[in-house]
Amino acid sequence: MQTARRVLMVAYDDAQILDIACPSGALDIANRYGANPPYRIELATVAHRPARTSAGITLAAGQRLETVKGPLDTLLVAGGTGYEAAAADPRLVTQVRRLADHSRRVASVCTGAYVLAAAGLLDHRRATTHWGYGEDLAARHPAVAVDTAPLYVRDGNVYTSAGVTSALDLTLSLIEDDHGPTLARAVARELVSYLHRPADQAQISMFLAAPPPGDRLVRDLAGHIAAHLSDDLTPAALAARAGVSTRHLTRLFTTHLGTTPARAVRAARTEAAAHLVRSSALSLAAVARRCGFGSAQTLRQAFLDHYGAGGDRIRRMPDMPRPRAPLGRQTPVP
């Protein structure tokens, strides 16, 4: 067995516990499935203080951040509601900057990107964070090329990821880089996870911006639509997935979403495409492909129907446009 890969996770008060649990849990399972060399997971805080997460659960740090010595395989900074205090703490930022020089790769989850940015580690790099913080991160750190479209971004040896669960997608990608796709698939199966969402999967959709449907079947399908915008989402495919007839599926969507399955899918794709247009430099054709539209022209028409504005105008708007009508009164799908 080769020397273990040291993975140092940096925590602080009001860190998001999932930002720590997702990567560490996946790496632990990779070890149990025979990762060679295995991962050695360590948790460090400033002054070796316990880290009280935003969930109210306190984590005992195994390392004092100031005395950790390299080399490290991976330095990973968690996100969470305490990110502003963490990014403003010169002790934490100085140590992250120091340890980055002794790490094979550096990563952040969600708002952990603010700490990397404060340390200067994202300057002149492309990076992502949770879609709700992208504009603020870009405004505070103009040297960072913030792109909130993808789930995670790799720029050289620096990795950044979006909100909480995308930490799992990033970690599966790291495992695949280190040990190959077979081990990554085994870890995903153990975690009962979709294997594994690609980096360029859109972060946001209509179903994340609105209250979830009350019916469980419709709610599950809404989540499936949001995560698989480029897949076959015809009413027949959705009905087959749910194990119901297309007629019953239409009845459920009309009752709980106020629209048909086809119109709901088109609205989800259109709103996800609008977010991508506004948060990235992707061409309209690339956005169309990623969000399940057959062509840029089809997407242009969807934008006009849904927002009354074309893609170029949406890209220039200071805020996300509002749909022209509630979901239940969308223009019929052509």
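It should be noted that the structure appears before, not after, this text.
Since this is a predicted model, take the numbers as computed values, not measurements.

A.B. asks: Would you explain the nonpolar core in this entry?
C.D. replies: The tendency in soluble globular proteins is for nonpolar side chains to be buried side by side. Residues Leu75, Leu92, Val96 and Ile175 are the most contacted members of the largest nonpolar core, which totals 63 residues. Beyond its immediate sequence surroundings of up to four residues, Ile175 is in contact with Ala26, Leu27, Ala30, Tyr39, Gly180, Leu183, Ala184 and Val187. Among the nonpolar cores identified, the runner-up in size contains 33 residues, and Ala149, Ile225, Ala264 and Ala268 belong to it.

A.B. asks: How do you make sense of the sheet that holds strand β11 (residues 158–161) when you look at a structure like this?
C.D. replies: Note on sheets: strands pair through backbone hydrogen bonds, and any given pair is parallel or antiparallel. On the basis of which strands lie adjacent, the open sheet formed by 7 strands has the order β5-β2-β1-β6-β7-β11-β10 and mixed pairing. With partners counted over all chains shown, the strands left at the sheet margins are β5 (63–64) and β10 (152–155), one partner each. Pairing between strand β2 (residues 39–45) and β5: 2 bridges, direction parallel. Looking across to β5, one finds that Thr45 is bridged to Arg64.

A.B. asks: I tried to follow the pattern of salt bridges on my own but got confused; where do I start?
C.D. replies: Two side chains that carry opposite charge are able to pair once their charged atoms sit near each other. Throughout the structure, instances matching the rule amount to 16 salt bridges. Arg5 is the salt-bridge partner of Asp178, the closest N and O atoms lying 3.9 Å from each other. With a gap of 173 residues between them, Asp178 in helix α6 (residues 166–179) and Arg5 in strand β1 (residues 5–10) connect regions that are remote in the sequence. As far as burial versus exposure is concerned, Asp178 and Arg5 are alike and both buried. Taking the shortest distance from any N to any O, the salt bridge between Arg125 and Asp155 comes out at 3.6 Å.

A.B. asks: What's the story with the pairing of β2 in this structure? I'm lost.
C.D. replies: Walk down a regular strand and you will see the side chains alternate between the two sheet faces. Counting buried positions along β2 yields 5 of 7 residues, so the element is predominantly enclosed. Relative to β2, β1 runs parallel, the two sharing 6 bridges. Paired with Arg5 across the two strands is Tyr39, which belongs to β2. Note that the unit made of β1, helix α1 (residues 17–32) and β2 has a crossover that is right-handed.

What counts as what
Numbering of residues starts from 1 in every chain and runs along the sequence as written. Where local features are concerned, this predicted model is filtered to residues with pLDDT of at least 70; where side-chain atom pairs are given and counted, the filter is 80 or more; whole-chain, interface and lining totals use all residues. No hydrogens and no water enter the side-chain calculation; it runs on all heavy atoms of the structure. Throughout this description, the term nonpolar core refers to a set of buried Ala, Val, Leu, Ile, Met, Phe, Trp, Tyr and Cys residues connected via side-chain atoms within 4.5 Å. Buried residues are those whose accessible area, probed at 1.4 Å on protein chains only, stays under 20% of the maximum for their type, while exposed residues exceed 50% and partly exposed ones sit between those limits. We call two residues in contact whenever any of their non-hydrogen atoms come within 4.5 Å of each other. At least two DSSP bridges between two strands are required for those strands to pair. In this description a helix means any DSSP run of H or I spanning at least four residues, a strand means any run of E spanning at least two, and both kinds are numbered starting from the N terminus. In what follows, salt bridge is the name for a side-chain nitrogen of Lys or Arg lying within 4 Å of a carboxyl oxygen of Asp or Glu. Assignment of crossover handedness uses the view with strands pointing away from the viewer, where a clockwise path from the first strand over the helix to the second indicates a right-handed crossover.

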